[in-house]
Amino acid sequence: MPTFIIEREIAGADRLSANELKEISAKSNEVVAGLGVPYKWLTSYVAGDKIYCIHEAESADVIERHAREGGFPANKVTEIAAFIGPQTAGS
């Protein structure tokens, strides 16, 4: 299944309380459960006025549907072409 990075512009995202982040997470899980299609939220990063989310879905259209139904912005949705990290360099 393709993996996507979603850029969500949310003013003051880095100042959201733990409870607010919990509520957002619960809403996202609720929407995922109701989509009726394969979908997996892997992780999210809160930085400044943005939240960057990594999700697996069949298409960008499904990602955008999740955002609409959850009431979240999805300002930019990009399919991830490759994953790299320190291990990519080899031993």
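So, how was this worked out
Residues numbered from 1 in each chain as written. Predicted model: local features only at pLDDT ≥ 70, side-chain atom pairs only at ≥ 80, totals over all residues. Heavy atoms only, no water. Pairing = 2+ DSSP bridges. Helix = DSSP H or I, 4+ residues; strand = E, 2+ residues; numbered from the N terminus. Axes fitted to C-alpha atoms, helices over the stretch in contact; angles between N-to-C directions. Contact = heavy atoms within 4.5 Å. Buried < 20%, exposed > 50% of the residue type's maximum accessible area, 1.4 Å probe, protein only.

Asks: Please explain the sheet that holds strand E4 (residues 76–79) as it appears in this structure.
Replies: What links the strands of a sheet is backbone hydrogen bonding, and the strands pair in either a parallel or an antiparallel sense. Here four strands make up an open sheet; going across it, the order is E2-E3-E1-E4 and the pairing antiparallel. Edge positions in the sheet fall to strand E2 (39–47) and E4, since each has one partner strand and no second. Adjacent strand axes in the sheet meet at a mean angle of 20° when their direction is disregarded. Looking at chain direction, E2 and strand E3 (residues 50–57) are connected through eight bridges and run antiparallel. Within the sheet, the bridge partner assigned to Lys 40 lies in E3 and is Glu 56. The sheet strands contacting helix H2 (residues 60–70) are strand E1 (3–9), E2, E3 and E4, and the helix crosses E1 at an angle near 35°.

Asks: Would you mind going over the environment of Ile 80 with me for this structure?
Replies: Along the chain, Ile 80 falls in the segment after E4. Sequence separation of Ile 80 and Ala 47 is 33 residues, and the distance between their C-alpha atoms is 19 Å. Setting aside anything within four residues of it in sequence, one finds Ile 80 in contact with Thr 3, Phe 4, Ile 5 and Ile 54.

Asks: Which parts of the structure should I look at to understand the environment of Ile 63?
Replies: Following the sequence through the fold, Ile 63 ends up in helix H2. In this view, Ile 63 contacts Phe 4, Ile 6, Tyr 39, His 55, Ala 57 and Val 77; residues no more than four positions away in its chain are not counted.

Asks: What is the right way to look at the environment of Ile 5 in this model?
Replies: Looking at the element boundaries, Ile 5 is found in strand E1. Here Ile 5 falls in the partly exposed class, since its relative accessible area comes to 32%. A sequence separation of 75 residues divides Ile 5 from Ile 80, and the C-alpha atoms of the two residues are 6.6 Å apart. Non-local contacts of Ile 5, meaning those with residues more than four positions away in its chain, are made with Cys 53, Ile 54, Lys 76, Val 77, Thr 78 and Ile 80.

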